[in-house]
Amino acid sequence: MVPIYLDHNATTPVDPAVVDVMLPYMGSTFGNASSVHQFGRTAKVALERSREQIAAFINCEPSEIMFTSGGTESDNLAVMGIAYANRERRNHLIVGAAEHHAVFESAEFLHQKERFDLDLLPVDREGFSSPKGLAELVTDRTALVSVMQANNETGAIQDIQALAQVAHERGALMHSDAVQAVGKINVDVKDLGVDLLSLTGHKIYGPKGIGALFVKQGVRIRPLFYGGSHEKKRRPGTENVAGAVGLAKALEIASQRMKQDEGSLRKLTNYFIDAVLGRIPDTVLNSPRANRLPQTANISFKGVQGEPIILSLDMENIAVASGSACTSGATEPSHVLTAMGIPPEIALGAIRFSLGRTTTKEQLDHVLAVLGPIIERLRAMSPSRPGHA
């Protein structure tokens, strides 16, 4: 059986068309975009053209796009850069309780080491935060509210527009980690009302090692690195021209395919969810039924832990995950599921299935055929299996 990859939320294969446009900038067109000679000017033209394409995709000005090494750096820069730039007047941060570790740990560092006040915005059983809940936390000292647009583990899509409105009413800035959303659902920074937004390439069939941070014009942000005047002195370092070109191409392809991909992936994902819940007893859907990324399904299997399921499926040439790839190997229950109020014994048995453009119903049927026996076998070996005294 050809390997089946159901871990697209961790990373995606690079689209061949993306590779094609990147190759010249890894070979003959190798100039440093900061150099003033013809080699550098050629690279600079490609870099700025890519910036324009990315800006158009999320509906902002090219000057508001800052290139980074990926989603983690974009999140760190947004949270820490805004906090440091505003600490004299505002020393309070609010981040979602189900954020990616790139946001959560940045805020926790500022709280523990830099004495910023920090509040976590709660989520309900389906992973959603409410504007009312935010209104109870935000104050005139709040510098930044950071809530991800789409959750990497459950696929829950937040009402960022409503949350941003609440933040702005108290003068706070709004950041959204849209790493999982951009290229999969419509992301328009003006409609969302955000001041900062993170995105990356490798979640959307683009290259690893390239991302971007939208910073609204007029927003002050302090750099985390020093050593050059690149990216308006906010992010020094020789620009990754090949990566920027690849990211722009990946977004161009996404713009052409988004409606088609969203429809087909939602249909396949719903089929898979219904089949798992219908065929395998004692299963729990952790992802919301509505307002969910089209390709994401997080399902818990009672009486079994996630890692043995992953390893057993891997032996069948099927790749899945237990949550964020950044925390793979962790034996603690997911902080996302914990924040949603899911008991540890259920959260520990959670598996994230994330589909992609090449996923077929035949592949899912094969996964279903082997998944049931795997769960049955693992439960028979587990003292915590459902109904076991």
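Given the structure is predicted, the values throughout are model-derived calculations rather than measurements. (Residues numbered from 1 in each chain as written. Predicted model: local features only at pLDDT ≥ 70, side-chain atom pairs only at ≥ 80, totals over all residues. Heavy atoms only, no water.)

A. Main features of the sheet that holds strand β10 (residues 296–301). Spatially, three strands are ordered β9-β10-β12 in an open sheet, and the strand pairing comes out antiparallel. Either end of the sheet is taken by a strand with one partner, and the two such strands are β9 (283–285) and β12 (350–354). This sheet shows a mean twist of 30° between the axes of neighbouring strands, independent of strand direction. Strands β9, β10 and β12 of the sheet are contacted by helix α9 (residues 241–279), whose axis makes an angle of about 10° with β10. (Pairing = 2+ DSSP bridges. Helix = DSSP H or I, 4+ residues; strand = E, 2+ residues; numbered from the N terminus. Axes fitted to C-alpha atoms, helices over the stretch in contact; angles between N-to-C directions. Contact = heavy atoms within 4.5 Å.)

B. Expanded view of the domain arrangement of the protein. Split into domains, the protein comes out as domain 1 (4–10 + 258–380) and domain 2 (16–253). Taking the mean C-alpha position of each, domain 1 and domain 2 sit 28 Å from one another. With 33 residues of domain 1 at the interface, the matching set in domain 2 holds 30 residues. Summing both sides of the interface, domain 1 and domain 2 together bury roughly 2600 Å²; the carbon and sulfur share of this comes to 55%. On the surface where domain 1 and domain 2 come into contact, there are zero salt bridges. Put simply, domain 1 and domain 2 have 13 residue pairs in polar contact (both at pLDDT 80 or more) between them. (Domains from an automatic or database assignment. Buried area = accessible area lost by both parts, 1.4 Å probe. Salt bridge = Lys/Arg side-chain N within 4 Å of Asp/Glu carboxyl O. Polar contact = N/O pair within 3.5 Å; in protein donor to acceptor, adjacent residues only side chain to side chain.)

C. Structural context of empty space enclosed by the protein. Enumeration according to the criterion identifies two cavities of 30 Å³ or more in this entry. Its boundaries defined by the atoms lining it, the largest cavity holds a volume of some 160 Å³. G183, K184, Y205, L265 and Q295 are the residues nearest the centre of the largest cavity, which is lined by 17 residues in total. Composition of the lining of the largest cavity by domain shows at least three residues from each of domain 1 (4–10 + 258–380) and domain 2 (16–253). Considering only enclosed or pocket space, the second largest cavity measures out at about 70 Å³ in volume. For the second largest cavity, the lining is made up of 14 residues, of which A98, V123, G127, N151 and Q158 are closest to its centre. Looking at side-chain class alone, the lining of the second largest cavity contains seven nonpolar, six polar and one charged residues. (1 Å grid on protein atoms, 1.4 Å probe; cavity = no way out; pocket = protein on both sides within 12 Å on 5 of 7 lines; lining within 4 Å. Points joined across faces, edges and corners; volume = space filled by probe spheres on them. Nonpolar A, V, L, I, M, F, W, Y, C, P; charged D, E, K, R; others polar.)

D. Seen up close, a nonpolar patch on the surface. Residues V14, V19, L23 and M26 make up a contiguous nonpolar surface patch of roughly 340 Å² in combined accessible area. By the element assignment, L23 lies in the loop between α1 (16–22) and α2 (38–58). (Patch = residues over 30% accessible without salt bridge, like charges linked within 9 Å, V, L, I, M, F, W, Y side chains within 5 Å. Areas by Shrake-Rupley, 256 points an atom, 1.4 Å probe, with all protein chains shown as cover.)

E. Molecular detail of unusual backbone geometry. For E231, which is not glycine, the phi torsion reads 50° and is therefore positive. Tracing the backbone shows E231 in helix α8 (residues 230–233). The exposure class of E231 is buried, given its relative accessible area of 9%. In the Ramachandran plot, N291 falls in the positive-phi region, its phi being about 55° despite a non-glycine side chain. Among the secondary structure elements, N291 is positioned in the loop between β9 and β10. (Buried < 20%, exposed > 50% of the residue type's maximum accessible area, 1.4 Å probe, protein only.)

F. Summary view of the side chain of E239. Relative to the elements of secondary structure, E239 occurs in the loop between α8 and α9. No salt bridge forms around the buried E239; measuring N to O, its nearest opposite-charge neighbour K44 is 4.6 Å away. In terms of polar contacts, E239 uses its side chain to reach the side chain of S34, at 3.3 Å. If sequence neighbours within four positions are ignored, E239 has contacts with N32, A33, S34, L47, H230 and E231. (Lys, Arg positive; Asp, Glu negative; His and termini not counted.)

G. The arrangement of α2 in detail. Helix length check: α2, at 21 residues, gives a terminal C-alpha distance of 31 Å against a target of 30 Å (1.5 Å per residue), a fit within 8%. Of the positions making up α2, those classed as buried are G40, A43, A46, L47, S50, R51, I54, A55, F57 and I58. Buried residues in α2 make contact with β2 (65–68), α7 (189–192), β7 (196–200), β8 (211–215), α8 and α9. N59 lies just past α2 and shows a positive phi near 65°. (Expected span 1.5 Å × (residues − 1).)

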